[in-house]
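Take a look at the letters that make up each chain.
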Amino acid sequence: MIKAFAGQHLLSVQELSLEAVETVFSVADRMVPFAERRMVTRVLEGAILGNMFFEPSTRTRVSFGCAFNLLGGEVRETIGMESSSLAKGESLEDTARVLSGYSDVIVMRHPEEGAVDRFAQASRVPVLNGGDGAREHPTQALLDLYTIRRERAALGLSLEGLRIALMGDLRYGRAVHSLVQLLNLYPAIEFHLISPPELALPPVYEEALRSRGHRVFRHDTLAPGLAAADIVYVTRTQEERFPSPEEAARYRGLFRLNQAVYTEHCAPQTVIMHPLPRDSRAGAQELDSDLDAHPALAIFRQADNGVVIRMALFALCLDVVGDVEKDLKPVRWYTGGRRP
Ligand code: CP
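What you see is a predicted model, and the numbers here were worked out from it, not measured in a lab.

**What about the site of the ligand?**
Every residue lining the ligand is accounted for by S57, T58, R59, T60, R109, H137, Q140, P275, L276 and P277. Q140 places a polar side-chain atom, nitrogen or oxygen, 3.0 Å from a nitrogen atom of the ligand. L276 has a polar backbone atom sitting 2.8 Å from a nitrogen atom of the ligand. Taken by itself the ligand offers 250 Å² of open surface, and the protein chains cover 91% of this. When atom positions are compared with the pocket grids, the ligand is found to occupy the largest pocket.

Okay, structure coming up:
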């Protein structure tokens, strides 16, 4: 089973079976001592990650880099089109041919749908999709589902009977597109899709959920969807994907989750998730900071989980899972502020 990942790209969650997802999660569990700075492994010593981000990123770029470093490897970054020879007219394919000679694995984010696939076809090393346009964000979906399982487990629950509300810009939100496809691998989930009609989940994803027998409800107001959910997954208006800033402005701040809305509509212990970044500018605030101290706010636990998921993916695709725990060393530096 583990061999199925070795040397393989990860471009879309469509490539993942339920068994493959469970494998990623079980390897991720083994990465917790390293991510929590209790132990050090050097299993990828000498390996190089090409971390190529042609769109802004904080979490995905840095957590991929940290994950590779925590396994002992080194990271070379390219940030922004303008700092690469793509700006001189070099093709994605030539860029892939060159950079795959310098790297053992490549992570790439690109604003165009399908660009990471094109790059991967010309690459000689595995390529992991760090987000391509509005299409997919497969590693975000894996860390989101891992978080959902952990948050449910903390309440003594499994995924069985899960009711999830997905709220905001479901049309352009690539994290949502990947997450609903992963959830579709599991049985009997209830989906509440909360969005303005113009920003509804693309029909292809909704039809796939219905055809697998999931219950799907669409809402264009907050209250009914929030009241019915165990988990609320809030999203930002993806203004960079809209045809014009004026059009994006029509939807910014339309749906907001804050302490008052949560208290009025959500059941106690409803878990709050968001792939981040959230838009904290005045007029947006789809997820208000007045919920920051709420124990059900999982957004920073969610971001932390990105490290173990990405470590697991590197260990699997570079085929070192069996060696990760060899030659362990204890951490020597002060870690008191880092451990959960
Ligand atoms: N969730 C996510 O993709 O965040 P970044 O854009 O900061 O990488």
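Now that the structure has been shown, we can carry on.
**Structural notes on helix 1 (residues 18-35)**
The periodicity of an α-helix, 3.6 residues per turn, causes residues three or four places apart in sequence to face the same way. The end-to-end C-alpha distance of helix 1, which contains 18 residues, comes to 25 Å, matching closely the 26 Å that a straight helix rising 1.5 Å per residue would cover. In helix 1, a bend of some 30 degrees at D29 exceeds every other bend along the element, and P33, a proline, comes one to four places later. Burial in helix 1 covers these residues: A20, V21, T23, V24, F25, V27, A28, M31, V32, F34 and A35. Those residues of helix 1 that are buried lie in contact with strand 1 (39-40), helix 2 (59-70), helix 5 (138-154), helix 6 (174-183) and helix 11 (299-317). Positioned one or two residues after helix 1, R37 has a phi angle of 60 degrees, which is positive.

**Quick notes on the nonpolar core**
In terms of nonpolar packing, the biggest core is built from 69 residues, with I164, L166, F191 and F314 touching the most fellow members. Both domain 1 (2-134 + 305-330) and domain 2 (138-300) contribute no fewer than three residues apiece to this core. When residues no more than four places from it in sequence are discounted, the contact partners of F191 are I164, L166, V180, L183, L209, H214, R215, V216 and F217. Counting 20 residues, the second largest nonpolar core, distinct from the first, contains A165, L222, V232 and I272.

**Observations concerning the sheet that holds strand 4 (residues 105-110)**
Taken in spatial order, the 4 strands of this open sheet run 3-2-4-5, and their pairing is parallel. The strands lining the two open edges of the sheet, one partner per strand, are strand 3 (74-79) and strand 5 (127-132). Adjacent strand axes in the sheet meet at a mean angle of 10 degrees, parallel and antiparallel pairs treated alike. Relative to strand 5, strand 4 is paired through 4 bridges, and the arrangement is parallel. Bridging across to strand 5, H110 finds its partner in D132.

**Some words on the layout of surface pockets**
Estimated volume of the largest pocket: approximately 470 Å³. Surrounding the largest pocket, 24 residues form its lining, R109, R236, E240, L276 and P277 being those nearest its centre. In terms of residue count, helix 6 provides more of the lining of the largest pocket than any other element does, 3 residues in total. Class assignment of the residues belonging to the lining of the largest pocket gives a composition of 7 nonpolar, 9 polar and 8 charged.

**Digging into the domain arrangement of the protein**
Accessible area lost upon the coming together of the parts is a frequently used measure of interface size. Split into domains, the protein comes out as domain 1 (2-134 + 305-330) and domain 2 (138-300). Taken over C-alpha atoms, the centre of domain 1 sits 26 Å from the centre of domain 2. Of the residues lining the interface, 31 residues belong to domain 1; the matching set on domain 2 comes to 23 residues. At the boundary of domain 1 with domain 2, total buried surface from both sides reaches about 2,300 Å², with 60% on carbon and sulfur atoms. Broken down residue by residue, the surface that domain 1 buries against domain 2 is led by V13, F25 and A134, which jointly contribute 27%. Put simply, R149 and E22 hold a salt bridge, and the shortest N to O gap is 2.7 Å. Taken together, the connections running from domain 1 to domain 2 amount to 10 residue pairs in polar contact (both at pLDDT 80 or more).

Basis of the calculations
Residues numbered from 1 in each chain as written. Predicted model: local features only at pLDDT ≥ 70, side-chain atom pairs only at ≥ 80, totals over all residues. Heavy atoms only, no water. Near = heavy atom within 4 Å. Polar contact = N/O pair within 3.5 Å; in protein donor to acceptor, adjacent residues only side chain to side chain. Areas by Shrake-Rupley, 256 points an atom, 1.4 Å probe, with all protein chains shown as cover. 1 Å grid on protein atoms, 1.4 Å probe; cavity = no way out; pocket = protein on both sides within 12 Å on 5 of 7 lines; lining within 4 Å. Sits in = over half its atoms within 2 Å of the grid points. Helix = DSSP H or I, 4+ residues; strand = E, 2+ residues; numbered from the N terminus. Expected span 1.5 Å × (residues − 1). Bend = angle between axes of the 7 residues up to and from the residue. Buried < 20%, exposed > 50% of the residue type's maximum accessible area, 1.4 Å probe, protein only. Contact = heavy atoms within 4.5 Å. Core = buried A, V, L, I, M, F, W, Y, C linked by side-chain atoms within 4.5 Å. Domains from an automatic or database assignment. Pairing = 2+ DSSP bridges. Axes fitted to C-alpha atoms, helices over the stretch in contact; angles between N-to-C directions. Points joined across faces, edges and corners; volume = space filled by probe spheres on them. Nonpolar A, V, L, I, M, F, W, Y, C, P; charged D, E, K, R; others polar. Buried area = accessible area lost by both parts, 1.4 Å probe. Salt bridge = Lys/Arg side-chain N within 4 Å of Asp/Glu carboxyl O.

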